[in-house]
Amino acid sequence: MLRMRALSAETVFDAVIAGAGIVGAACALECAQRGLRVAVVESRAIAGGATGAAMGHIVALDDSPMQLALTRWSQRLWSELAPRLPESAQYRECGTIWLARDEQEMEEVRRKKRTFDAAGIPAEVLDGDALAGAEPHLARPLAGGLMAPLDAVVQAASATEWLVAEAARLGAKLYLPQTVTEAREGRVLLRDGTALRARWIVLAGGTDGLELTPALPIRRRKGHLILAECAPGFMRHQLVELGYLKSAHALEGDSVAFNVQPRPPGQILIGSSRQYDAAGDEVEERIVTEMLERAEAFLPGVRELRVVRMWTGFRAATADKLPLIGPWGEDATLFVANGHEGLGITTSLATARLLVDRLLGERSPIDSDAYLPSRFAGHGGRA
């Protein structure tokens, strides 16, 4: 267990990161690796918010060119980092199969294949027979699917713990658990009265960030997950219906889509649901029932599996499905790394690179302007 290191009441840093989910942890390690004096402040346990509740997929998604650029770059960064991760992180390139039920959805498969080809992302179109061979327990008949073999899964909480531990090993100071009550003009005030000074303050607290910065253009989006036991080898790949994207894009109401991951040993993680503006964190029987019915339609027998655990979490969502990475408001010391919704695990490493590149005035491999908070006029972002 990582513990807070006692410091003086007023300590100066290059950067103070508010939030120790996977995005804040990645930002802290990136700062530390580049020689910056960094502090991490978190009111919960490490990965105690959305990160600890996440599925933990690392996927290339092509909802927009900007999303594809960020997810693909971050996927490469994860692949490079993988040999250093502990075994408990359970990083595995199991691949994703996007499932098509009919010929209309096969057209979307072929469109995705063209997009991935243009981006240099390996992908293979599967017909119905090839799909059945790859995943024998899938319902039949299905028209086919798209295999993306480089997609991976990771145990997000364990990976986040490791990122924070690595940052601490390089000199990062941890304030755990501590709550930020004020962050402005290079000064971070904690609830216990401790004051930290910093050249830059990075707000990476997910939906908790709304308490500190209510004007952030994000909304809370609740999700449910179900962990179930299965026979070893029951499924080999992450399986996602193409309708998942339609569910993810819905801006109002509740939605459920089939998204299932293999988890060692002999377990599967069943998603996914999305609810905007849900107040409580309780598991809702109606949503769980819909998720299991949806999963059963694609994977017959799922409803008979023993459920090990069910839980919920809250994602921080933006209207355009892209995160907020960059300066915030008129205060030259404030920056945000937030609004990743269901892609926080995937994009955490690239987010950290983009953010620290901007802090240091360095060029990034992809255009970072698309993720600036200033794209939401009137919400306080600055270019």
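The structure under discussion appears in the preceding block.
Nothing here was measured: the structure is a model prediction, and the numbers come from that model.

### Focus on a nonpolar patch on the surface
A cluster of nonpolar side chains, contributed by V283, V307 and M310, occupies part of the molecular surface with about 210 Å² of accessible area. Along the chain, the position of M310 falls in strand β16 (residues 307-317).

### Topic: the sheet that holds β16
Read from one edge of the open sheet, eight strands run β5-β6-β4-β13-β14-β15-β12-β16, paired in mixed fashion. With partners counted over all chains shown, the strands left at the sheet margins are β5 (124-127) and β16, one partner each. When the angles between neighbouring strand axes are averaged without regard to direction, this sheet yields 25°. Bridge analysis of strand β4 (residues 96-100) against strand β13 (residues 238-241) gives four bridges, and the strand direction is parallel. Across the sheet, the residue bridging to I97 is L239, located in β13. The sheet strands contacting helix α3 (residues 103-119) are β4, β5 and β6 (144-148), and the helix crosses β6 at an angle near 20°.

### Examining the pairing of strand β11 (residues 195-203)
Most of β11 sits out of view: seven of its nine residues are buried. In terms of strand pairing, strand β10 (residues 187-190) meets β11 through three bridges, oriented antiparallel. Following the sheet pairing, R187 is matched in β11 by R197. Hairpin connection between β10 and β11: a loop of four residues separates the two successive antiparallel strands, and G193 in this loop has a positive phi of roughly 95°. As paired elements, β11 and strand β18 (residues 334-338) share three bridges and run parallel to each other. If you follow I201 over to β18, its bridge partner there is L334.

Conventions we followed
- Residues numbered from 1 in each chain as written.
- Predicted model: local features only at pLDDT ≥ 70, side-chain atom pairs only at ≥ 80, totals over all residues.
- Heavy atoms only, no water.
- Patch = residues over 30% accessible without salt bridge, like charges linked within 9 Å, V, L, I, M, F, W, Y side chains within 5 Å.
- Areas by Shrake-Rupley, 256 points an atom, 1.4 Å probe, with all protein chains shown as cover.
- Salt bridge = Lys/Arg side-chain N within 4 Å of Asp/Glu carboxyl O.
- Helix = DSSP H or I, 4+ residues; strand = E, 2+ residues; numbered from the N terminus.
- Pairing = 2+ DSSP bridges.
- Axes fitted to C-alpha atoms, helices over the stretch in contact; angles between N-to-C directions.
- Contact = heavy atoms within 4.5 Å.
- Buried < 20%, exposed > 50% of the residue type's maximum accessible area, 1.4 Å probe, protein only.

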